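Per-entry structural report
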Amino acid sequence: AMPVQRLTKGARCVAPLVALFLICCGTPDTVPPRTSAEPGGSSFGEPAVLVLTASEPAMVYVSFSGTDPEIADENTISGESPLRIELPEGVTEVRFFSIDLSGNRELGIRVEVYLVDTTPPEVALTGDAPEPLGLLEIAEIEWQVNETCDYRIERGGDGEPESGELLEEGTLDAEVAASIEVAAIDLPDDEGALSIWIHARDWTGRVGSLEVALQRA
């Protein structure tokens with residue numbers, strides 16, 4: 001018959017101690033957390049809040065400076081997960097990671113890019129305002145916008161887009177000069193002024209407008 005293996009006195013003592021340790025202390029946590037961003041990298045036309053949430057209780061470290069966040073670094077913001085932060089105006093590269101309660105650091109640095117633009121485009125004249133026009137004269141209105149926009153130029157209207165007669169429309173890049181000509185014969189016969197409205201709409205849907213008043217000499 002095969003011999004039966006029996007536990008020694010020492011082994012009988014160790015086994016219950018191991019079991020007791022596992023019951024009291026559990027298995028050591030060696031799994032690093034993973035942090036998610038809500039919303040993910042995107043563009044906004046209004047103030048937006050970023051929420052960084054770790055997969056377990058953890059401290060989140062984040063940098064808006066374009067450099068990797070570091071513990072105790074002056075360019076690093078930190079807080080318990082979930083960490084809520086209002087995104088700044090403009091383009092921001094957000095870098096972040098988490099460290100859980102066991103000291104496990106997230107693998108690598110996560111990166112998301114955001115664009116927040118809450119300001120409507122600015123439409124401005126690049127030349128002098130038109131003088132009163134003689135009977136056969138033509139006014140040239142020179143203008144530009146400070147960001148790439150779709151535009152509409154209208155005659156008359158109440159200052160709202162599509163409330164006047166469309167003269168021209170298209171897309172114009174930032175700081176690129178544009179112009180449109182209006183003849184005196186298109187002006188009212190009386191002494192009243194004719195409003196030429198230039199409306200510029202950016203990618204967020206925000207509209208900036210400029211009114212140019214023309215009248216006969």
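Residues numbered from 1 in each chain as written. Predicted model: local features only at pLDDT ≥ 70, side-chain atom pairs only at ≥ 80, totals over all residues. Heavy atoms only, no water.

A look at the overall build of the chain
Secondary structure summary: the chain contains one helix and 15 strands in total. By residue count, 31% of the 217 residues in the chain fall in the buried class. Residue pairs at least 24 apart in sequence account for 62% of intrachain contacts in the chain once pairs closer than 6 positions are excluded. Accessible area for the chain stands at about 13200 Å²; split by element, carbon and sulfur atoms hold 52% of it. (Helix = DSSP H or I, 4+ residues; strand = E, 2+ residues; numbered from the N terminus. Buried < 20%, exposed > 50% of the residue type's maximum accessible area, 1.4 Å probe, protein only. Contact = heavy atoms within 4.5 Å. Areas by Shrake-Rupley, 256 points an atom, 1.4 Å probe, with all protein chains shown as cover.)

Quick word on the environment of Val207
With respect to the secondary-structure elements, Val207 resides in strand 15 (residues 207–214). Owing to a relative accessible area of 30%, Val207 belongs among the partly exposed residues under this scheme. When the C-alpha atoms of Val207 and Val123 are compared, they prove to be 9.6 Å apart, with 84 residues separating the residues in sequence.

Some words on the sheet that holds strand 7 (residues 90–100)
Taken in spatial order, the five strands make up an open sheet running 2-8-7-4-5, and their pairing is mixed. Only two strands of the sheet have a single partner each, and these edge strands are strand 2 (43–44) and strand 5 (76–80). The pairing of strand 7 with strand 8 (residues 110–116) spans seven bridges and is classified as antiparallel. What sits directly across from Glu93, in strand 8, is Val113. (Pairing = 2+ DSSP bridges.)

Considerations on the sheet that holds strand 11 (residues 149–155)
Pairing between the strands of a sheet comes from backbone hydrogen bonds, and it takes one of two forms, parallel or antiparallel. The strand order across the open sheet formed by four strands is 12-11-14-15, and the pairing between neighbours is antiparallel. A single partner strand is all that each edge strand has here, and the edge strands are strand 12 (165–172) and strand 15. Between one strand and the next, the sheet's axes are offset by a mean angle of 15°, whatever the strand orientation. Judged from the seven bridges that link them, strand 11 and strand 12 form a sheet pairing that is antiparallel. Across the sheet, residue Ile153 finds its bridge partner in strand 12, namely Glu168. (Axes fitted to C-alpha atoms, helices over the stretch in contact; angles between N-to-C directions.)

Brief notes about a nonpolar patch on the surface
A surface patch of nonpolar side chains, about 250 Å² in accessible area, is lined by Val91, Val111 and Val113. Tracing the chain through its elements places Val113 in strand 8. (Patch = residues over 30% accessible without salt bridge, like charges linked within 9 Å, V, L, I, M, F, W, Y side chains within 5 Å. Salt bridge = Lys/Arg side-chain N within 4 Å of Asp/Glu carboxyl O.)

Regarding a negative patch on the surface
On the surface, Asp128, Glu131, Glu140, Glu142 and Glu181 cluster together into a negatively charged patch. With respect to the helices and strands, the residue Glu142 is situated in strand 10 (residues 138–145). (Lys, Arg positive; Asp, Glu negative; His and termini not counted. Charge placed at Lys NZ, Arg CZ, Asp CG, Glu CD.)

So, the confidence of the model for the chain
Confidence in the prediction of the chain, expressed as mean pLDDT, is 87, and 87% of residues score 70 or more. Of the regions scoring below 50 in pLDDT, residues 1–22 engages in two contacts with residues more than four places distant in sequence or in other chains. (pLDDT = per-residue confidence, 0-100.)

Quick look at the pairing of strand 8
The pairing of strand 2 with strand 8 spans two bridges and is classified as parallel. When the sheet's bridge partners are listed, Phe44 is paired in strand 8 with Val116.

Digging into the packing of aromatic side chains
Enumeration according to the criterion identifies two aromatic pairs in this entry. Ring geometry for Tyr61 versus Phe97: centroids 5.2 Å apart, planes at 15°, classification stacked. Of this pair, Tyr61 sits in strand 4 (residues 58–63) while Phe97 is found in strand 7, placing the two residues 36 residues apart along the sequence. We note that Tyr61, like Phe97, is buried. (Phe/Tyr/Trp six-rings, centres within 6.5 Å; stacked < 30°, edge-to-face > 60°.)

With respect to the pattern of salt bridges
Inspection of the entire model under this criterion finds five salt bridges. For Arg95, the salt bridge identified is with Glu93, shortest N-O distance 2.8 Å. Residues Arg155 and Glu165 are paired through a salt bridge, measuring 2.9 Å at the closest nitrogen-oxygen approach. You can see Arg155 sitting in strand 11 and its partner Glu165 sitting in strand 12, a full 10 residues away along the chain. For Glu165, a relative accessible area of 42% translates into the label partly exposed.

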